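# Summary of structural features
One-letter residues, chain by chain:
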Amino acid sequence: MESITDDSGAGNAPAVQEAEGDAIERSLLAAVGRGDRIAFERLYLRQHPLLARFIARHTARRDLVDEIINDAFWVVWRKAAEFRGESKVGTWIIGIAYRCMLKALRQNVPVVDADADEAFDLSGSDTGESELRELSDWVRRGLALLSPEQRMTMELAYYLGQSCEEIATIMNCATGTVKARMFHARLRLRNSLPALGGDAGPDAATHSVRK
């Protein structure tokens with residue numbers, strides 16, 4: 001007799017984990033607002049890896065990456081008690097880091113690290129290592145054709161997994177503006193990537209992008 005497994009909630013697992021993670025970070029941030037340095041350290045360790053990878057896409061200077069993150073968390077330490085809970089804690093911190101990064105890059109020549117993680121996860125493609133590297137370079141060149149606002153929007157959406165509403169919060173703009181930037185960015189990529197990649201089509205580079 002076959003066993004019957006109820007996996008009706010399996011599809012909700014990522015959302016549940018995300019909600020649980022945000023609940024933990026809300027608790028940590030509340031403690032930071034009360035001056036708890038241990039909670040601050042835990043929150044820093046939770047957010048640092050993702051922020052470091054994201055910022056490193058815009059500068060190859062590791063000292064500048066660390067400086068931006070430290071500046072962002074200094075703001076977090078000072079403003080924790082002012083968090084109103086209108087977004088996820090992670091989104092709030094990314095927004096702070098984003099503004100710190102823009103300020104730092106205006107004062108320093110941005111040098112992109114050629115070995116930085118790609119914005120799109122292409123690891124699931126049915127290609128060899130050399131083909132994957134070529135495809136990654138193809139996508140990078142396509143992203144370079146976008147305006148700074150369009151590229152940042154695409155990276156926040158597809159690299160950090162932020163929703164349109166969360167991106168609007170991070171970039172301090174209307175949700176409609178985010179959607180318009182994504183539309184024009186996709187259109188530009190759709191028209192540009194085939195020319196950059198020869199016979200390959202845009203679907204090859206974007207098949208694994210989260211809708």
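Small disclaimer: the values here were computed from a predicted structure and weren't measured.

### Re the environment of R186
Along the chain, the position of R186 falls in helix 8 (residues 175-197). In the structure, R186 is positioned 36 residues away from Q150 in sequence and 9.2 Å away in space, judged by C-alpha atoms. In this view, R186 contacts M154 and Y158; residues no more than four positions away in its chain are not counted.

### Thoughts on the confidence of the model for the chain
Looking at the chain as a whole, the pLDDT averages 79, with 72% of positions reaching at least 70. Taken element by element, the predicted model of the chain shows its lowest mean pLDDT in helix 9 (residues 202-206) (41) and its highest in helix 3 (residues 62-79) (95). Below pLDDT 50 for its whole length, residues 1-8 participates in zero contacts with residues either more than four positions away or in separate chains. Per-residue pLDDT stays below 50 along residues 198-211; that stretch engages in 24 contacts with residues further than four places along the chain or on separate chains.

### Points about the pattern of salt bridges
Inspection of every chain in the model, using the stated rule, returns nine salt bridges. With a shortest N-O distance of 2.7 Å, D22 and R26 are connected by a salt bridge. On the criterion of helical spacing, the pair formed by D22 and R26 is a turn pair, its members being four residues apart in helix 1 (residues 13-33). A relative accessible area of 11% means that D22 is categorised as buried.

### Some words on the side chain of E25
For E25, the position within the fold is in helix 1. When its relative accessible area of 8% is taken as the criterion, E25 is described as buried. At a separation of 3.1 Å, a polar atom in the side chain of E25 contacts the side chain of R46. Aside from chain neighbours lying at most four places away, what touches E25 is L43, R46, Q47, V89 and G90.

### Points about the environment of E155
On the secondary structure map, E155 appears in helix 6 (residues 148-158). Residue E155 is classed as buried on the basis of its relative accessible area of 0%. Once the C-alpha coordinates of E155 and I167 are considered, the two residues, twelve residues apart in sequence, prove to be 10.0 Å apart.

### Structural notes on the state of the cysteines
Enumeration according to the criterion identifies zero disulfides in this entry. No disulfide involves C164; its sulfur sits 9.8 Å from that of C173, the nearest cysteine.

### With respect to the packing of helix 4 (residues 89-107) against helix 7 (residues 164-171)
Remark: helix 4 packs on helix 7, axes separated minimally by 8 Å, with the N-to-C direction vectors making an angle of 40°. The orientation of helix 4 relative to helix 7 falls into the category oblique. Like other packed secondary-structure pairs, helix 4 and helix 7 cross with a definite hand, here right-handed. Packed against helix 4, whose contacting residues are T91, I94, G95, Y98 and R99, the element helix 7 presents E166, T169, I170 and M171 at the interface. Of the residues assigned to the contact of helix 4 with helix 7, the class counts are four nonpolar, three polar and two charged.

The rules behind each value
Residues numbered from 1 in each chain as written. Predicted model: local features only at pLDDT ≥ 70, side-chain atom pairs only at ≥ 80, totals over all residues. Heavy atoms only, no water. Helix = DSSP H or I, 4+ residues; strand = E, 2+ residues; numbered from the N terminus. Contact = heavy atoms within 4.5 Å. pLDDT = per-residue confidence, 0-100. Salt bridge = Lys/Arg side-chain N within 4 Å of Asp/Glu carboxyl O. Buried < 20%, exposed > 50% of the residue type's maximum accessible area, 1.4 Å probe, protein only. Polar contact = N/O pair within 3.5 Å; in protein donor to acceptor, adjacent residues only side chain to side chain. Disulfide = S-S within 2.5 Å. Axes fitted to C-alpha atoms, helices over the stretch in contact; angles between N-to-C directions. Parallel < 35°, antiparallel > 145°, perpendicular 65-115°, else oblique. Left-handed = near helix turned anticlockwise from the far one by under 90°. Nonpolar A, V, L, I, M, F, W, Y, C, P; charged D, E, K, R; others polar.

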